[in-house]
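Below, each chain spelled out in residue letters.
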Amino acid sequence: RRVVTRLGDRLGSPNVPTDPTHETADAELLAGAWVALNSYGDVLRDIGAVFAGAGHQLYLVGGSVRDALLGRLYSDLDFTTDARPEQMQKLLRGWADALWDTGIEFGTVGVGKAGHRFEITTFRADSYDQVSRNPQVRFGDRLDDDLVRRDFTVNAMAVRVTEAGPAEFLDPLGGLAALRARVLDTPSAPQVSFGDDPLRMLRAARFVSQLGFTVAPRVLEALLEMAPQLGRITPERVSAELDKLLLGADPVAGIDLMVQTGLGAVVLPEVGEMRMAIDEHHQHKDVYWHSLTVLKQAMDLEAEGEPDLVLRWAALLHDIGKPGTRRHEPDGGVSFHHHEVVGAKMVRKRMRALKYSKQMVDDVSQLVYLHLRFHGYGDGRWTDSAVRRYVTDAGPLLDRLHKLVRADCTTRNKRRAARLQANYDELEARIAELAAKEDLQRVRPDLDGNAIMEILGIPPGPLVGKAWNHLKELRLDRGPLEHDEAIAELHKWWNAQQA
């Protein structure tokens, strides 16, 4: 059934039976989209007039239409047109505030106008070789051919834009019904769609996380069948999708879809492998579900409206070292000694393979390495030196470490949970108390390198670094030293070196 309707009108056709409940729900979605799109009315009317005046069609498409229907439209809008790239550039050069041609080989022109950023792409009718994900770019002349090549039907709806602004809503592939049902289905057979571009399988998991949708049965079947083909995709594209998934509203659902279908085994195998390790507290089915619980609890501790990608990655991966360190003890218990050390190394290896930045790799692996240290705190038995080292080793990650450690408390034993939280409250109070007395965020020796060289009369070299490290260790152990005391300790160390 091809649906073409005025935005804001009731949806229906005299030749097609309709469910009154669905018809009302669809009409409400369209009315909401009309309101959302008309908040961009001036710029849409202007750009519509530019294309219409030159005899070209222009349509809002993809995520822009989907998000307008969902009431979550953002300022970046996507369009498609029958105009070729060089024609678009000529049309827009006098109208746009800025133009970008970074995607022009794929028919895309970027446009900046009145604080908005648009991408306008020529109708595409690509074909794929089913080996790489690179399409043989072929421009088309029909909107329907462009829509049918898109990933999911909820992204295959369009709104015609004219000099009057948003006009007709076009839904040749049933995207509105799928959106109403919150189901992800493909315009063509999923085996064909995923064979053309296996990254679409990972996008399915991402949309499950972002939009709260489920996948259609035939899509689930294709994911189970075709997951290994995700190996054709470059690491950079995979990591970009994984980040979007983790930043979604329900990353637990997206990750679980990945693991259950085999997608995770291709791009993030360490997560699924945690299903093999039983949590030592025996309060969760396995470490896998414990880790997903920690992820959700870490999200609950984020600042409102500010998803933290580093924290979410650390929460998901904090226990990936457990399967490799699991030991069955003589008393019937299970131990995971040094799993934080093993896990930090595994994080580095996996995130490097996915081409993450050095900073991202360092931050996530350091949080994984440190997440267990608090459990040595006991009932406040740490010395001030231990507290200083905790803060120093965490550095700028301290706030995230606080959240990760608190999120890692998933025990159902209310008394034990209360004790752990109380102990961490006390640790944070001690950190604040020490911070009020000394600069914990920048624990440095009481003498810098220049002072060390002047006092000892030595040139730059390894000995200066060794002296600096010795004084830093003293600073961590004893707190700030008086200047004369620091000099005396430096001489004492130096004399020991000469003995």
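Located above this text is the structure these notes cover.
Described in the following lines is the structure provided in the data block.

## Section: helix α19 (residues 384-394)
Because each turn of an α-helix spans 3.6 residues, side chains separated by three or four positions end up pointing in the same direction.
So, step 1. Residues of α19 that are buried include every one of Ser385, Val387, Arg388, Tyr390, Val391 and Ala394, and no others.
So, step 2. Gly395, located one to two residues past α19, shows a positive phi value of around 55°.

## A word on the packing of α19 against helix α23 (residues 462-478)
So, step 1. Following both chains from N to C, one finds α19 and α23 inclined at 120°, their axes separated by 6 Å at the closest point. Our classification of the angle between α19 and α23 gives oblique. Contacts between α19 and α23 involve Ser385, Arg388, Arg389 and Thr392 from the former and Lys472, Glu473, Arg475, Leu476, Asp477 and Arg478 from the latter.
So, step 2. Looking at side-chain class alone, the contact of α19 with α23 contains one nonpolar, two polar and seven charged residues.

## Some words on helix α24 (residues 483-498)
So, step 1. Here α24 spans 23 Å end to end across 16 residues, near enough to the 22 Å set by a 1.5 Å rise per residue.
So, step 2. Inspection of α24 places Ala486, Ile487, Glu489, Leu490, Trp493 and Trp494 among the buried residues, and these make up the whole buried set. Across the axial projection of α24, the buried residues extend over an arc of 165°, all falling on one side. What points out from α24, more than 90 degrees from its buried face, is the exposed set Asp484, Lys492, Asn495, Ala496 and Gln498.
So, step 3. Tucked into the core, α24 has its buried residues touching α22 (449-456) and α23.

## Structural notes on the packing of helix α10 (residues 235-246) against helix α11 (residues 251-261)
So, step 1. Where α10 contacts α11, the axes come no closer than 8 Å and their chain directions differ by 135°. Considered as vectors, α10 and α11 are oriented oblique to each other. Counting all contacts with α10, which are made through Leu242, Leu245 and Leu246, the residues of α11 involved are Pro251, Gly254, Ile255 and Met258.
So, step 2. Taken together, the residues of the contact of α10 with α11 break down into six nonpolar, one polar and no charged.

## Some points on the nonpolar core
So, step 1. Formed by 117 residues in total, the largest nonpolar core has its most connected members in Trp313 and Tyr390.
So, step 2. In this structure Tyr390 touches Arg373, Phe374, Trp382, Leu398, Leu401, Val405, Tyr424, Leu427 and Ile431, once residues within four positions along its chain are discounted.
So, step 3. Membership of the second largest hydrophobic core comes to 15 residues, among which are Ile458, Val464, Leu471 and Ala486.

## Quick notes on empty space enclosed by the protein
So, step 1. A complete count under the given rule lists two cavities of 30 Å³ or more for this structure.
So, step 2. Estimates place the volume of the largest cavity at around 60 Å³.
So, step 3. A total of three residues in the lining of the largest cavity trace back to one element, the largest contributor, which is helix α21 (residues 414-437).
So, step 4. Taken together, the residues of the lining of the largest cavity break down into five nonpolar, two polar and two charged.
So, step 5. Put simply, the second largest cavity is a space of about 30 Å³.

## Regarding the layout of surface pockets
So, step 1. Estimates place the volume of the largest pocket at around 1500 Å³.
So, step 2. Taken together, 41 residues form the lining of the largest pocket, with Asp78, Glu119, Arg150, Arg203 and Arg237 sitting closest to its centre.
So, step 3. Mapped onto the lining of the largest pocket, the elements with two or more residues apiece are α3 (63-70), β3 (76-81), β5 (108-113), β6 (116-122), α8 (199-211) and α10.
So, step 4. Counting residues per element, the lining of the largest pocket draws most heavily on α8, which supplies six residues.

Cut-offs used in this document
Residues numbered from 1 in each chain as written. Predicted model: local features only at pLDDT ≥ 70, side-chain atom pairs only at ≥ 80, totals over all residues. Heavy atoms only, no water. Buried < 20%, exposed > 50% of the residue type's maximum accessible area, 1.4 Å probe, protein only. Helix = DSSP H or I, 4+ residues; strand = E, 2+ residues; numbered from the N terminus. Axes fitted to C-alpha atoms, helices over the stretch in contact; angles between N-to-C directions. Parallel < 35°, antiparallel > 145°, perpendicular 65-115°, else oblique. Contact = heavy atoms within 4.5 Å. Nonpolar A, V, L, I, M, F, W, Y, C, P; charged D, E, K, R; others polar. Expected span 1.5 Å × (residues − 1). Arc of directions from axis to C-beta. Core = buried A, V, L, I, M, F, W, Y, C linked by side-chain atoms within 4.5 Å. 1 Å grid on protein atoms, 1.4 Å probe; cavity = no way out; pocket = protein on both sides within 12 Å on 5 of 7 lines; lining within 4 Å. Points joined across faces, edges and corners; volume = space filled by probe spheres on them.

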